[in-house]
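# Reading the structure
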Amino acid sequence: MSPVATTPTVKPPIESLKKPRSKWRTALETTAFLAVSVALLEWFLPIAGVGQEEFLQPDRKLGCRHIPGKYVVWRMEGFSRGHLNSTGLRDIEHNIGKTPGTIRVALLGDSSTEGLQVPLDDTYARLVEKQLNNSGTQKYEVINFACSSYSTGQQHEQFLNEVATYKPDITVLLYNRGDAVENIRKPGKLNVEPRPYFYVDAQGTLQPDSSVLSYNQAKLSPNPVFDFLRAHSSIYGVLSSTHLALCTNEPLYGKLKNAFDWLSNLGNTNKNVTNVLYPEQDAFRVTRSLLVDLNNSCKANNSKFVLLVFPNTLGDLDLAYQAKQLLNLSKEENFPSFDLTQSFYDTGNPGALFLEYHFSSAGHKVVADQLTKLLSSLSF
Amino acid sequence: MLFNSFTYLVFLPIVVALYWVLPPVFRRTLLLIASYLFYMNWKPAYGLLILALTVVNYFLGLAIHKFVNKRKPILTAGLIFNLGCLCFYKYANFLLDSAWQSATWLHTSLHLPMNLPATSPALDIILPLGISFFTFEFIHYIVDVYRGSKPVTNFRNFALFAAFFPSQIAGPIKRFQDFVEQMLTEPVFKPAYFQSGMFLIFLGLFKKIVLGDNLGRVVNAGFAHPETLGTLDAWIAVAGFTFQIFFDFSGYTDIGRGSALLFGYKVPENFNWPFLAANLTDFWRRWHISLSTWLRDYLFIPLGGSRVSPLRQQINVMITMVLGGLWHGAAWHYVIWGAFHGSGLVLSKEWHNLVSRLPWLARFRPHAIWHYSGIAFTWFFLFMAGVIFRADNVPHALNMCKHMFALAPSYAVTHQFLMSTLPITISLYLVFLLLCAWRDSVARKGEHANASVKKFMTATSNWWQGSLPAQIAVYAGMAIIILGFAPRQVAPFIYFQF
C-alpha cells in the first residue's frame, strides 16, 4: 500500500520558492521548527514508553550507577516500567535507618538481580521479602542494590561505600557467568569499561587498580548538561540506545567510532592505562580474593555473607568449574552458598525460566523460592 | 547492503551528492558504478554474475532485433540461458533434495535396489541476492524485443537498467521501456521528485523498522512454539505475519522508489492498498503489482490467458500461481502456497459467476455489507495462506491452524503484543492512512469537492513544498521516532531471500 502520490508531478514554481530567502530567516525558522519538533517528541516519547532505557550515569568510584528517581521503560528484553527509587535502587523506597526487630537483607548482583526485564513485583528481591514475611513472625526487609553490568569488584566497592551504611544483617551476592573476567583488565587496551579493577600482588594480597577510572576521570565527572539530558530527555535516551545498538550491530559504525576515540585520545598524556604494572592475572583467582575480602568486610560490619551461583543451564564449562570452586571456597571461609543450577533443572523446563539472557518472571520465582529457604535456615 | 543499515545511510547521501555535483555526462556512469559497489558489498564475486548476465542479454536483444528470421531460436536460447541461471542458483539443491527423497521413498517402500547416499546431496551454492528479480527483468527485455520493442543500444544504459541499485535486490520488477525512456534526456534536478523521494524513504523506514520488524518479534515468538499458543495468541501471530510481510516488502519498495526519485528516476509501484481488496482477483491487482503483471504478461497470457475454455483458463491460473509460489522460494510449502492462491482465484471467479447467475443473490452485491464481507473473507484467506508461507513445513502449518481454531486461553504472545510499542505505532499509521484516504477522496471529487477544503489542502501542500525549515524539522522528528521505536536488532528484508 503506498498512500503517497503515485507519480510526483513537477509543479509550477511556487512564489515563495522564487523569492530569495534571507539565510538568517531560514536559520531562524529552522531553529524554531526544530524546537517545536523537540518539544513534541519530548512530550510524545514518554507517553509511548520510548527513550526511557537510559538509566545509568557515570560515577567516579564505581564507573557507573543508577540515576536516582529515573523513570525507566524497559523493552530490550522482556518488559517493565517504573521509577528507580530516590537513591537509585531498582526497588521500593527504603530508609537508611533500620526498623528495630527487622532482619535486613542486602542483595548484590548485576542485571540478573536488578531484573529490569520483569515488573518490579516479579523480581526475586520483592518475592523473597514477601515470602519471608509470610512464612513466620520474623520481619524481613530485602533491599536490592544490584546494578546492570556490575562486576564482583564493583559489588565489593559498592558494599564498602554504600551498602554497609544500611547495616544489613545478611548480604547476598548472586555470582553470574562473566563476572570473573570483568574484575581484571588486559594490558594495552584503551577502550575497556571504566570500572574498578583488581589484581593479586606477589605477596598474594588483593590490590585495587584504578588506572582506568583515573584515565576516564573527565568522562566520569559530573557534567550538568549531559546529566540533565540523561535524566530527563527521551530524545537523548533514543540517541544513546541507538549508539549502543549501532556499536554492536554495524561494523562500519564501530570502525568510525574507534577512529573517533583514537583521535580524541591523541592528546591524553596519561599512559598508565596502556602499561599494566603487574603480571597478567588469573581472573578467577582475583575473584576468589574479592569474595574472601567481601566476606571479611561483611563480618566486620556484622553482616552474614551468602553466595548464590547463577544457574548453569547452558552447560558452560567455565561456570561449572567456577561454581565448584566457589562452593569449596564457601566451605573454607565458612559462609553459606547455593548453586541454582539443579533447582532450575528440577522444574523440568529450564529454558522457560529465561527470556533471552535474563530470568523470566518464572525464573525469578525459582530463585526466590531457593533463597527464601536458604535465608529461613540461617540462625541469628 | 541493506536499505535499513548504517552503511546505506552513509552510502546514499554520498552517491546522491556526487551525482548532482558531477557534470550530467558522468552521472549515469557514477550511478552504474555505485550500483555495482552496492551489489558487491554483499559478495564481490557475484558482481561478475550480474555483469555476465547483462552482457549476454544485451547482445541477445540486439541479435533478436537484427536477425529477424532467427529471432525465435535466439529468444529460446535466451530464455534457456536466463531460466537456467535462475534454476541453477535457486532450485538445483531443491531438485536434488526432492529427487533424493523420492528415491529414498522408493527404495524403502518398494524395496527397489538403489545405491543412494546417506544424506541428501547438496551443491555448495549461495543464492545471489535479487537473482529472481533481475532474471525476470532480463526475460521481459528479450521477450519484448522479440515482440517488436526497440532494443537498448547504449550498453551503459542497459547495464544501469539491470543493476540500478534502488530496485536491484527485491524489485519492483521494472519495464525497460519506461526506465530507458527516462535516460533519453540529461538528468535534471527536480525539487518535487526530491521531496517525494525523501518522504518515501522515511515512510518506508517507518514501515519496515517500526512496524515490520516489531511485528516480526511477536510473529517469531508465536511461530517458534505453536504448542504453547492460546487462540488469540495464534491469531495475533498469524495476522501479524500477513501484515509483517506487507510492511517489510512495501517498506523496502518505498525506500527503493524514494532512493530512485533522489536521482530523478521513477520505478513502478508495487502496492495499491491491497488490504482493501474485496476479493482475491482484486488483491492480486493491488499486491506485488510488478510481479503479478509480469506473471500475467509473460506466463498467463502466453498460456492462453482468458481466451481459452473455462477449464483451460482455470488450469492456466493454477500453473501461473504455482510457478509464482515457486518463484518465492525453493521449498514445497511455497508451491502449496501458490496452489492455495491459485485455487482461491479459481473459486473466487466461480463464485462471481454463480452470483451473476442467481438474481436473488446478485441483488445483495451493491450493499456495503457485501463489500465488507468480501474484504473480511479476503483477509481470512490471506491469513491462512500466510500460515503456509511462514511455517517451516506442512506439519508446522497444521499445528498453527489447530491452535487458531481450538479454544484456549492466551497469554504470552498477546501480552508481548500489548506490551510492545505496536498498539501505538499501528494507531499512528492508521491516522496517517486516514489522512491519505481523505486527501485522495478530495482529489477524486475534483470540482465537486468542498472549496474551502480544497483551498486548505492546496495552501498546506504549497507551504510544505516551499518550507525547507519545516521539512528539516519533520524529517529530524521522524528519524528520532524511527530510531526510538526500532527494535534493537536490525532484521534483513524478507524478500531478499527470494
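Data block above holds the structure.
Residues numbered from 1 in each chain as written. Chains lettered and ligands numbered in written order. Predicted model: local features only at pLDDT ≥ 70, side-chain atom pairs only at ≥ 80, totals over all residues. Heavy atoms only, no water.

Another point: helix H1 (residues 6-21) of chain B. In this model, H1(B) (16 residues) spans 23 Å end to end at C-alpha, consistent with the 22 Å of a helix rising 1.5 Å per residue. Every buried residue of H1(B) is listed here: B:Phe6, B:Tyr8, B:Phe11, B:Leu12, B:Val15, B:Val16, B:Tyr19 and B:Trp20. In the core, the buried residues of H1(B) are packed alongside helix H9 (234-249) and helix H10 (251-264) of chain A together with helix H2 (24-40), helix H8 (191-224) and helix H9 (231-262) of chain B. (Helix = DSSP H or I, 4+ residues; strand = E, 2+ residues; numbered from the N terminus. Expected span 1.5 Å × (residues − 1). Buried < 20%, exposed > 50% of the residue type's maximum accessible area, 1.4 Å probe, protein only. Contact = heavy atoms within 4.5 Å.)

This part covers the pairing of strand S4 (residues 80-83) of chain A. Every regular strand shows the same layout, with side chains that alternate between the two sheet faces. Direction of pairing for strand S3 (residues 71-74) of chain A relative to S4(A): antiparallel, over a ladder of four bridges. Its bridge partner being in S4(A), A:Val72 is matched across the sheet by A:Gly82. (Pairing = 2+ DSSP bridges.)

Attention now goes to the packing of aromatic side chains. All names here are of chain B. Taken as a whole and judged by the stated rule, the model has 82 aromatic pairs over all chains. Judged by centre distance (4.5 Å) and plane angle (10°), the rings of Phe340 and Phe381 are stacked. With Phe340 in helix H13 (residues 332-357) and Phe381 in helix H15 (residues 368-390), this residue pair connects regions lying 41 residues apart in the sequence. Owing to a relative accessible area of 12%, Phe381 belongs among the buried residues under this scheme. Its end group placed over the ring of Tyr146, Arg71 keeps NZ or CZ at 4.7 Å from the ring centre. The residue whose ring lies beneath Lys90 is Trp327, and the NZ or CZ to ring-centre distance is 5.3 Å. (Phe/Tyr/Trp six-rings, centres within 6.5 Å; stacked < 30°, edge-to-face > 60°. Lys NZ or Arg CZ within 6 Å of the ring centre and 35° of its normal.)

Moving on, we get to the environment of A:Gln117. Examined against the element boundaries, A:Gln117 turns out to sit in the loop between helix H3 (111-114) and helix H4 (124-135). If near-sequence neighbours (up to four positions away) are discounted, A:Gln117 is found in contact with A:Trp74, A:Glu77, A:Gly78, A:Phe79, A:Ser111, A:Leu355, A:His358 and A:Phe359.

Note on sheets: strands pair through backbone hydrogen bonds, and any given pair is parallel or antiparallel. Residues and elements named next belong to chain A. Pairing is parallel across the open sheet formed by five strands, whose spatial order is S6-S5-S7-S10-S11. The outermost strands of the open sheet, each flanked by one partner alone, are strand S6 (139-144) and strand S11 (337-339). When the angles between neighbouring strand axes are averaged without regard to direction, this sheet yields 20°. Most of the contacts of H4 go to S6, to which it runs at about 175°, and overall it touches strand S5 (102-108), S6 and strand S7 (170-175). Packing against the sheet, helix H5 (residues 152-161) makes contact with S5 and S7, and its axis sits at approximately 165° to S7. (Axes fitted to C-alpha atoms, helices over the stretch in contact; angles between N-to-C directions.)

Here we take up the interface of chain A and chain B. Residue-level contacts link 43 residues of chain A with 54 residues of chain B. Of the roughly 4000 Å² buried at the junction of chain A and chain B (both faces included), carbon and sulfur atoms supply 68%. The interface formed by chain A and chain B holds three residue pairs in polar contact (both at pLDDT 80 or more) in total. The set of elements that each furnish at least two residues to the side of chain A that touches chain B consists of helix H1 (15-18), helix H2 (23-48), H9 and H10 of chain A. Here the element with the most residues in the side of chain A that touches chain B is H2(A); it accounts for eleven residues. Among the residues forming the side of chain A that touches chain B, the class breakdown is 27 nonpolar, eleven polar and five charged. (Buried area = accessible area lost by both parts, 1.4 Å probe. Polar contact = N/O pair within 3.5 Å; in protein donor to acceptor, adjacent residues only side chain to side chain. Nonpolar A, V, L, I, M, F, W, Y, C, P; charged D, E, K, R; others polar.)

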